[in-house]
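Listed here are the chains, written in short residue letters.
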Amino acid sequence: MRPGLSGSWPLNKGAEIMVSTVVPSDHLNDNKVKVSFHKENGKVLMGSARLYLTSVAISLHADTHRDGTVNMKNTDKLSWKWGPYGHGAILLVNCDKDQPNSKDMDNEDEGIFTYKDLEDMSILILKTQGPKAFFKAHQVLLHVSPPDSEKLGVFHQTGTNSSSEFQHVLGREKLFYRVQYNGEHEHVFYVEGLAFPDAGFSGLVSISVTLLEVSEENMPESPVFTEEIVFRIAPWIMTPNTLPPQEVFVCSLPDNHTFVEQVSDLVQRAKCTLRILPEEDSRSDRWIQDEMEFGYTESPQTCFPVVFDSPRNRGLQNFPFKKILGPDFGYVTREPRNSFEVSSLDSFGNLEVSPPVTVREKAYPLGRILIGSITLSNTGRRMTKVVRDFLYAQQVQAPIELYADWLLVGHVDEFMTFVPANDLKGFRLLLASPSACYRLFREKQQLGYGGAVMFQGLKAPQRTIDNILCDEKLRVECHYVQSCINWNRNILKKELGLTEQDIINIPVLFSLELKKARAFFPNMVNMLVLGSHLGIPKPFGPIIDGKCCLEEEVRSLLEPLGLHCTFMDDYLSYHQHDGNVHCGTNVLRRAFSFKWWNMDVPALSRRDTLSAL
């Protein structure tokens, strides 16, 4: 029966009737259905009954269309679907600190002290319509499950827009909130994420509303109706070298003033900003790349950077939380239960990310995370499980594990990096290559330059090309190193969908100390990438015709890609401490324009699951 029509319909015995209304009731029992019973073919009335109905509307609404506005007609509330045609609401982890005087991140308290904090939250609207008298005999309950209460927080906006107050009603130990009927048809809530996806937590959370009937005094309430809405907490996303730089970080120490000046010059040419950390902030720790990694988190309405603080806990330990966390700048860290679980592989020179790639027709529009974690012996080092679990759980940058334990320090940035390229591919993978270095030196020797000397101007043993090529011990060590790099080369080609044309071999030599490799001269792969401007460790290679042949070789490889090579002297201040330019700098970059929720993310395979263990 359609609205506004009247009439009668004969019913067969055993018929089932479903009654629904189009609009909520204005008064109790203002809808009715009459049922009459007849005999003798409907000619004789035997009796009748009336069914009185009160119609109410109770619903939850959020930005399920991911367009930055609350969808008041959404139907896809119970599921969350990836992809450009997907649906489902999104929460940000409210991990910044919009109130500068606060000691905690915004998601660690139960208050809203500035309207700026609301921009990091998602709006949830509870809509209730029906007679006032109905709600006197019924209760509307907003609730979350105990596991989800540790992952989200909910604030109820009360008062007028000009003098709103925000009451923390759900989250942590608060599982239920009784919504008082005050004549308002819409109750506005603000929802924040408390935790990023992690081991055992997919990122999906839900909020439910239940209508309870209060039938008799001193009797328990009984549920009448329930609706649920699902959110996904936004992941932490890393930014690759190919994204535009915004701010460069470097530590100022008594022995690196020249290096800081070189970084400053490069930053000016790259047209970004420089932040120099005084020694009281770094506490004499120069390895700012190892301490932290910059990324971001994003919802349809908000995007802000988030620094991931490593568990290495050396001089720079307090810097990310005390000096970077702030308004619209978030913070996250992962610490193992026992400090002895932390090794050099847990420094974030061992954490990189590729540019966007397509592998076997599978697109990774946000690239893939790269970590050195494979070990080939029972005594080998591996990145700690809590960090690996966190990286895998973000889902949008499926990690690749590489073999890095062969290195003395053990970081992937010692043998690889990415640079932008002004062609269709858009980037190149640079790999350290002892073989390329030996090939270059042999070519120069054959041209009569075997007496060309390395390390000129330094307080270091002067080595000629002839001397290096005759060093059998060094040759054997470099052969071993090349085999380790080749192992990783094959993994990278397969997992990033690369060909040999996508890879550039950068001449680097390594020697072994305690059966672990360290760069023989400043490692040119360990560079600072600022758009088309590259800050490359000055290798102090053999001088031929007044020029360093190693520098000239790298220029010939990279400048045709539209890149500008600047060679920076880091020998005393970084190289002799087993690091180079990249290790001593860090870069905040612009976020991807691609929206992570538009990815097609498959379920993790068994192999991926095992890799994360």
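Within every chain, residues take consecutive numbers counted from 1 along the sequence as written. At least 70 in pLDDT is required for a residue's local features to be given in this predicted model, at least 80 for side-chain atom pairs to be given and counted, and no such filter applies to totals for whole chains, interfaces and linings, which use all residues. For side-chain calculations, the full set of non-hydrogen atoms in the structure is used, while hydrogens and water are omitted.

Q: Got a minute to help me understand the overall build of the protein chain in this structure?
A: A helix here means a DSSP run of H or I that spans at least four residues, while a strand means a run of E at least two residues long, and both kinds are numbered starting from the N terminus. Broken down by element type, the protein chain carries twelve helices and 36 strands. Radius of gyration means the value over C-alpha atoms here, while the globule rule gives 2.2 Å times the residue count to the 0.38 power. At 32 Å, the protein chain has a C-alpha radius of gyration far larger than the 25 Å of a compact globule built from 613 residues. For the protein chain, the spread of C-alpha atoms along the three principal axes comes to 120 × 55 × 45 Å. Exposure categories follow from relative accessible area, calculated using a 1.4 Å probe and restricted to protein chains: below 20% of the type maximum is buried, above 50% is exposed, and the middle band is partly exposed. Expressed as a percentage of its 613 residues, the buried residues of the protein chain come to 53%. Whether two residues are in contact is decided by their heavy atoms: any pair within 4.5 Å suffices. A separation of at least 24 residues holds for 72% of the contacts in the protein chain among residues at least 6 apart in sequence. Computed by Shrake-Rupley with a 1.4 Å probe, the accessible areas treat only the displayed protein chains as cover when residues are assessed. Entry remark: accessible area of the protein chain is about 28700 Å², with carbon and sulfur atoms responsible for 50%. Note that His is not counted, nor are the chain ends; the positive residues are Lys and Arg, and the negative ones are Asp and Glu. In this description, the location of a charge corresponds to atom NZ of lysine, CZ of arginine, CG of aspartate or CD of glutamate. Between the averaged position of the 63 positive side-chain charges in the protein chain and that of its 75 negative side-chain charges there is a distance of 5 Å.

Q: Sorry, what's going on with the packing of aromatic side chains here?
A: The description of an aromatic ring pair uses the distance of the two centres, along with the angle that the planes make with each other. Only Phe, Tyr and Trp rings take part, Trp by its six-membered ring, and two of them pair if their centres are within 6.5 Å. Stacked means planes under 30 degrees apart, edge-to-face means over 60, and tilted covers everything else. Inspection of every chain in the model, using the stated rule, returns 24 aromatic pairs. Taken together, a centroid distance of 5.7 Å and an interplanar angle of 75° make the contact between Phe 166 and Tyr 190 edge-to-face. Linking Phe 166 in strand β8 (residues 165-170) with Tyr 190 in strand β10 (residues 186-193), this pair joins segments that are 24 residues apart in sequence. On the numbers, 5.1 Å between centres and 35° between planes, the contact of Phe 249 with Phe 294 is tilted. Here Phe 294 lies in strand β16 (residues 292-298) and Phe 249 lies in strand β14 (residues 245-251), a separation of 45 residues in the sequence. A single burial state applies to Phe 249 and to Phe 294, both of which are buried. Three or more aromatic residues joined by ring pairs form one cluster here, namely Phe 196, Trp 236, Phe 308, Phe 348 and Phe 390. Consider the ring centre and the ring normal. A charge sits over the ring if Lys NZ or Arg CZ is within 6 Å of that centre and within 35 degrees of that normal. In this structure, Arg 66 is placed above the aromatic ring of Trp 80, and the distance from its NZ or CZ to the ring centre is 4.1 Å. Lys 362 extends its terminal NZ or CZ atom over the ring of Tyr 364, reaching a point 5.7 Å from the ring centre.

Q: Hey, could you run me through unusual backbone geometry in this one?
A: The backbone of Asp 328 sits at a positive phi, close to 60°, despite the residue not being glycine. Structurally, Asp 328 is set in the loop between α6 (319-324) and β18 (330-333). Of note in the backbone geometry, Lys 515 takes a positive phi value of approximately 65° without being a glycine. Relative to the helices and strands, Lys 515 resides in the loop between β29 (510-513) and β30 (516-519). Residue classification places Lys 515 among the exposed residues on the basis of a relative accessible area of 71%.

Q: Looking at this structure, I do not really get a nonpolar patch on the surface. What am I missing?
A: Put simply, a patch holds well-exposed residues, over 30% relative accessible area, that have no salt bridge, with like charges counted together within 9 Å and Val, Leu, Ile, Met, Phe, Trp or Tyr side chains within 5 Å. Think of a salt bridge as a Lys or Arg side-chain nitrogen and an Asp or Glu carboxyl oxygen that are within 4 Å of each other. On the surface, Ile 17, Val 19, Val 33, Val 35, Phe 37, Met 46 and Leu 51 cluster together into a nonpolar patch covering about 620 Å² of accessible area. Elements that contribute at least two residues to the nonpolar patch include exactly β1 (31-39) and β2 (44-53). Considering every element that reaches the nonpolar patch, the biggest residue donor is β1, with three residues. Accessibility expressed as a relative area gives 56% for Ile 17, which makes it exposed.

Q: What is the right way to look at the nonpolar core in this model?
A: Where a protein is soluble and globular, its nonpolar side chains tend to be buried together. Nine residue types can take part in a nonpolar core, namely buried Ala, Val, Leu, Ile, Met, Phe, Trp, Tyr and Cys, and a core is a set of them joined through side-chain atoms within 4.5 Å. With 77 residues, the main nonpolar core has Ile 207, Leu 391 and Trp 596 as its most contacted residues. In this structure, Phe 441, Ile 485, Leu 498 and Phe 540 belong to the second largest nonpolar core, which totals 68 residues.

Q: Before we go on, may I ask you to explain the environment of Lys 77 in this structure?
A: Mapped onto the elements of the fold, Lys 77 is located in the loop between β3 (57-61) and β4 (89-91). Distance in space between the C-alpha atoms of Lys 77 and Cys 251 is 49 Å, their sequence separation being 174 residues. Look past the residues within four positions of Lys 77 in its chain and what remains in contact with it is Ser 59, Leu 60, His 61, Glu 227, Glu 228, Ile 229 and Val 230.

Q: Would you mind showing me how to read the sheet that holds strand β32 (residues 533-537) here?
A: Here we have three strands laid out as an open sheet, ordered β31-β32-β35, and mixed in their pairing. For this open sheet the edge positions go to β31 (528-530) and β35 (564-568), each flanked by a neighbour on one side alone. If you compare each strand with its neighbour and ignore which way they point, the axes differ by 20° on average. Pairing between β31 and β32: three bridges, direction antiparallel. Bridging from a neighbouring strand, Val 529 pairs with Leu 534 of β32. As a rule, the C-alpha atoms of each element are fitted with a line to give its axis, helices using only the stretch in contact, and angles between N-to-C directions run from 0 to 180 degrees. Lying over the sheet, helix α3 (residues 257-270) contacts β31, β32 and β35, oriented at roughly 165° with respect to β35. The sheet strands contacting helix α11 (residues 549-558) are β32 and β35, and the helix crosses β35 at an angle near 155°. Paired strands, as defined in this entry, are two strands with at least two bridges between them according to DSSP.

Q: Teacher, can you tell me more about the pattern of salt bridges here?
A: Side-chain pairing between opposite charges can occur once the charged atoms of the two side chains come close. All chains considered together, the criterion is met by 27 salt bridges. A salt bridge links Glu 227 to Lys 77; its shortest N-O distance comes to 2.9 Å. Here Glu 227 is found in strand β12 (residues 222-233), whereas its partner Lys 77 is found in the loop between β3 and β4, with 150 residues between them in sequence. Grouping residues by exposure puts Glu 227 and Lys 77 together as buried. Among the ionic pairs, Arg 518 bridges to Glu 513, the shortest N-O distance being 2.1 Å. With a relative accessible area of 23%, Arg 518 lands in the partly exposed category. Shared partners join several salt bridges into a network, and the residues in it are Lys 116, Glu 119 and Asp 328.

Q: Whenever I open this one, the UniProt feature "domain: Protein-arginine deiminase C-terminal" (unreviewed entry) in the protein chain confuses me. Can you help?
A: UniProt positions are given in the numbering used here, feature names are shortened, and annotations may be inferred rather than shown by experiment. Per the UniProt annotation, the sites labelled "domain: Protein-arginine deiminase C-terminal" (unreviewed entry) are residues 224-598. Helix makes up 24% of residues 224-598 and strand 30%. Its end C-alpha atoms lie 37 Å apart.

Q: What's the story with the sheet that holds β3 in this structure? I'm lost.
A: To summarise the sheet geometry, strands pair through backbone hydrogen bonds and adopt either a parallel or an antiparallel arrangement. The five strands are arranged β3-β5-β10-β7-β8 in an open sheet whose pairing can be described as antiparallel. Bordering the open sheet on either side are β3 and β8, each of which pairs with just one other strand. Averaged over all neighbouring strand pairs, the angle between strand axes comes to 25°, with direction disregarded. Pairing geometry for β3 and strand β5 (residues 122-129), over five bridges, is antiparallel. Pairing of Ala 57 across the sheet is with Gln 129, part of β5.

Q: Explain the side chain of Asn 526 here, please?
A: Along the chain, Asn 526 turns up in the loop between β30 and β31. Its relative accessible area of 2% is what places Asn 526 among the buried residues. At 2.9 Å, the side chain of Asn 526 forms a polar contact with the backbone nitrogen of His 582. With residues near it in sequence (within four places) discarded, Asn 526 still touches Asp 413, Glu 414, Pro 537, Asn 580, Val 581, His 582 and Cys 583. For the purposes of these results, a polar contact is taken to be a pair of N or O atoms within 3.5 Å, where, inside protein, one atom must be able to donate a hydrogen and its partner to accept one; residues adjacent in sequence count only when each atom of the pair is a side-chain atom.

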